[in-house]
Number of protein chains: 4
Amino acid sequence: MKDKAKKYFTDEMNDRDRAIFECGITLGAIYHQFQGTPLTNDETTIHKLEEAIEATMSKQPWIENVKISIIPTDLKNGKKVYDYSELGRANFKADVIAAYGTVKVSGKIRYIEELDFPLMYIDDISAS
Amino acid sequence: MKDKAKKYFTDEMNDRDRAIFECGITLGAIYHQFQGTPLTNDETTIHKLEEAIEATMSKQPWIENVKISIIPTDLKNGKKVYDYSELGRANFKADVIAAYGTVKVSGKIRYIEELDFPLMYIDDISAS
Amino acid sequence: MKDKAKKYFTDEMNDRDRAIFECGITLGAIYHQFQGTPLTNDETTIHKLEEAIEATMSKQPWIENVKISIIPTDLKNGKKVYDYSELGRANFKADVIAAYGTVKVSGKIRYIEELDFPLMYIDDISAS
Amino acid sequence: MKDKAKKYFTDEMNDRDRAIFECGITLGAIYHQFQGTPLTNDETTIHKLEEAIEATMSKQPWIENVKISIIPTDLKNGKKVYDYSELGRANFKADVIAAYGTVKVSGKIRYIEELDFPLMYIDDISAS
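Rules and cut-offs
- Residues numbered from 1 in each chain as written.
- Chains lettered and ligands numbered in written order.
- Predicted model: local features only at pLDDT ≥ 70, side-chain atom pairs only at ≥ 80, totals over all residues.
- Heavy atoms only, no water.
- Helix = DSSP H or I, 4+ residues; strand = E, 2+ residues; numbered from the N terminus.
- Buried < 20%, exposed > 50% of the residue type's maximum accessible area, 1.4 Å probe, protein only.
- Least-squares fit on C-alpha atoms with pLDDT ≥ 70 in both.
- Contact = heavy atoms within 4.5 Å.
- Pairing = 2+ DSSP bridges.
- Axes fitted to C-alpha atoms, helices over the stretch in contact; angles between N-to-C directions.
- Buried area = accessible area lost by both parts, 1.4 Å probe.
- Salt bridge = Lys/Arg side-chain N within 4 Å of Asp/Glu carboxyl O.
- Phe/Tyr/Trp six-rings, centres within 6.5 Å; stacked < 30°, edge-to-face > 60°.
- Polar contact = N/O pair within 3.5 Å; in protein donor to acceptor, adjacent residues only side chain to side chain.
- Nonpolar A, V, L, I, M, F, W, Y, C, P; charged D, E, K, R; others polar.
- Expected span 1.5 Å × (residues − 1).
- Left-handed = near helix turned anticlockwise from the far one by under 90°.

Glancing now at the overall build of chain A. Looking only at helices and strands, chain A features two helices and six strands. In chain A, the order of α-helices and β-strands from amino to carboxyl end is α-β-α-β-β-β-β-β. Dimensions of chain A, computed from C-alpha atoms along their principal axes, come out at roughly 55 × 30 × 25 Å. Counting over 128 residues, chain A shows a buried share of 63%.

Below, the structure is given as structure tokens:
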């Protein structure tokens, strides 16, 4: 697919650079768009939110796939009025594939206990 | 249902006041949580986002029902890489029912052309 | 001030109803707009975020005043790369005054330990 | 600075890859965290919001500098109750410097009229 935005980037940008960049954008976007969404450990609601994040965030440029699996561990059960949670730093589990030109990049969000941090990282870069 | 939070409110607060207040909170929350979500006029994606907003936002306190019908009028078609939109002020169509004690309140978000504004308003208050 | 939106509301809506409704909207909006903002316990940054929330959210209809005092208790110190937090449910302390016609309403967000919940409530309603 | 998260990335990741990735994350985060914030063309409010975005988003990992200059062109003047806007796709002007190891990357958000799109791109990559 022709990239009408390519001319705005520095000429030094190669396919690998670009796939990595777009993967980063979408991981940052997912996290900051949906954090704070009210949530309980109810499986139906969790599944609907996962599907909506996947469908909407895969519209982002050069994103081939988005897979979301919300971690329900600490989510409240919603049985009483105030017993619900919000999608927070420990609940995000995202897998994003960005593809640009000949390069595919696999990026993830995982809460890492050792860092007490929802780390965004790249676990695979492949060229065709 | 007993309300463990009632004591934090002023004693002047009656059921009507409270249902109106909770309805307002959830309308404001819907609008500011989901604005900016990437979107095209693709019906499947729109439907998934509607379902996710309904399921998550109905967890809010004293909310009986949330119905979302995204207005696709100005949404791009997503056929080219950068041809997508975001959920914005003209796309929200929300119907929220809050119920507290003996009172039900129906609140809405509608984009009002005359005001060029995504108005949140109450169109019905009923007591049982 | 004349209210061009009044006609969209049910005729039953009085000044008290409306001030309560607008107060709820803005409390819900504050919470869901800014939750997830990266933050440390650095006082300068906290103060800048408080000021920005106050200035922007007081643009909301019929809002007379917004006062934000972020609770820094559990915020990390930012001394190492991953040691920062996000504005979360325990950090919001908001005071919002809505005024409509003859009625003023004071609304708050406070994290209530007993409920483990960032409660939005109204602590004063006054008519002039 | 030692990077405690390095081991989670693929071994193929070099300094350039990483600086590009972190720059992308923060651009995506800025856009999706703050879109929807109520705003008028009032300079004081705009400046406060710019300062808050700069201060908070520069907490992100490996971000050296964040500069925000909101474009006020289409923002309403706030003189009447409903005459305000929200921070939207045409208003973001962001400059982010990410630095990892020996590499610095300059990333931007600019609304590009030709694309009708708030493009995130990299205009400089430099190694020391």
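In this section: the relation of the copies chain D and chain A. Rotating chain D by 180° and moving it 0.0 Å along the rotation axis overlays it on chain A with an RMSD of 0.0 Å. Here the copies are linked by what is in effect a two-fold axis. A shared binding surface is used by both copies, with 100% of the interface residues of chain D retained as interface residues in chain A.

Below, the discussion takes up the sheet that holds strand S2 (residues 63-68) of chain A. Residue and element names in this part refer to chain A. Spatially, four strands are ordered S2-S4-S5-S6 in an open sheet, and the strand pairing comes out antiparallel. The open sheet has two edge strands, S2 and strand S6 (117-127), and neither has a second partner. The sheet shows a mean angle of 15° between the axes of neighbouring strands, direction not considered. Pairing of strand S4 (residues 94-100) with strand S5 (residues 103-112) involves seven bridges; the strand directions are antiparallel. Within the sheet, the bridge partner assigned to Asp95 lies in S5 and is Lys108.

Let us now look at the relation of the copies chain C and chain B. When chain C is fitted to chain B, the best match, at an RMSD of 0.0 Å, comes from turning it 180° and sliding it 0.0 Å along the axis. The share of interface residues of chain C whose copies in chain B are also at the interface is 100%, consistent with both copies meeting through the same surface.

Moving on, we come to the interface of chain C and chain B. Counting residues at the interface gives 34 residues for chain C and 34 residues for chain B. Counting each side, the surface lost to burial between chain C and chain B is near 3000 Å², with a carbon and sulfur contribution of 62%. The largest contributions to the chain C side of the interface with chain B come from Tyr8, Phe21 and His32 of chain C, which together make up 21% of the buried area. Where chain C meets chain B, there are six salt bridges. The partner of Asp17 of chain B in a salt bridge is Arg16 of chain C, with the nearest N and O atoms 2.5 Å apart.

On to the sheet that holds strand S2 (residues 63-68) of chain D, then. Residues and elements named next belong to chain D. Taking strand neighbours across the sheet as the criterion, the four strands line up as S2-S4-S5-S6 in an open arrangement whose pairing is antiparallel. Of all the strands in the sheet, the pair left with one neighbour each is S2 and strand S6 (117-127). For this sheet, the mean inter-axis angle between neighbouring strands, taken without regard to orientation, is 15°.

For the rest of this paragraph, the subject is the packing of aromatic side chains. Counted under the stated rule, the structure contains 30 aromatic pairs over all chains. On the numbers, 6.1 Å between centres and 65° between planes, the contact of Phe9 of chain B with Tyr121 of chain C is edge-to-face. In this pair, Phe9 of chain B is assigned in the segment before helix H1 (15-34) and Tyr121 of chain C in strand S6 (residues 117-127), connecting two distinct chains. The class for Phe9 of chain B is buried, based on a relative accessible area of 5%.

Contact residues are listed per partner, giving 34 residues for chain D and 34 residues for chain A. Considering only the side of chain D, the residues that lose the most area to chain A are Tyr8, Phe21 and His32 of chain D, jointly responsible for 21% of the buried surface there. In this structure, the salt-bridge partner of Glu114 of chain D is Lys7 of chain A, at a minimum N-O distance of 2.9 Å. Remark: the boundary between chain D and chain A carries 12 residue pairs in polar contact (both at pLDDT 80 or more). For the side of chain D that touches chain A, the elements supplying multiple residues, two or more each, are helix H1 (15-34) and S6 of chain D. The dominant element in the side of chain D that touches chain A, judged by the number of residues it contributes, is H1 of chain D, at 12 residues. Grouping the constituent residues of the side of chain D that touches chain A by class yields 19 nonpolar, seven polar and eight charged.

Residues and elements named next belong to chain C. Here helix H1 (residues 15-34) contains 20 residues, and its C-alpha end-to-end distance of 29 Å stays within 8% of the 28 Å for a straight helix at 1.5 Å per residue. By the criterion of burial, H1 is predominantly enclosed, with 18 of the 20 residues buried. N-capping of H1 is provided by Asn14, with a side-chain oxygen placed 3.1 Å from the backbone N of Arg16. Positive phi appears at Gly36, one or two residues downstream of H1, with a value of about 100°.

With that out of the way, let us pick up the side chain of His32 of chain D. Looking at the secondary structure, you find His32 of chain D in helix H1. When residues no more than four places from it in sequence are discounted, the contact partners of His32 of chain D are Ala29, His32, Gln33 and Gln60 of chain A together with Gly36 and Pro38 of chain B.

The next subject is the environment of Asp95 of chain A. Following the sequence through the fold, Asp95 of chain A ends up in strand S4. At a separation of 2.5 Å, a polar atom in the side chain of Asp95 of chain A contacts the side chain of Lys108 of chain A.

Looking now at the packing of helix H2 (residues 43-57) of chain A against helix H2 (residues 43-57) of chain B. Here H2 of chain A crosses H2 of chain B at 145°, and the two axes come no closer than 8 Å. The crossing of H2 of chain A and H2 of chain B is left-handed. In this structure, H2 of chain A uses Thr45, Lys48, Leu49, Glu51, Ala52, Ala55 and Thr56 of chain A to contact H2 of chain B, whose residues at the interface are Thr45, Lys48, Leu49, Glu51, Ala52, Ala55 and Thr56 of chain B. Among the residues forming the contact of H2 of chain A with H2 of chain B, the class breakdown is six nonpolar, four polar and four charged.

Tallied over the entire structure, the rule returns 52 salt bridges over all chains. Between Glu12 of chain D and Arg16 of chain A there is a salt bridge, with its nearest N and O atoms 3.7 Å apart. Highlighted residues: Glu12 of chain D in the segment before H1 and Arg16 of chain A in helix H1 (residues 15-34), drawn from two different chains. In this structure Glu12 of chain D comes out as partly exposed when scored by relative accessible area, which is 43%.

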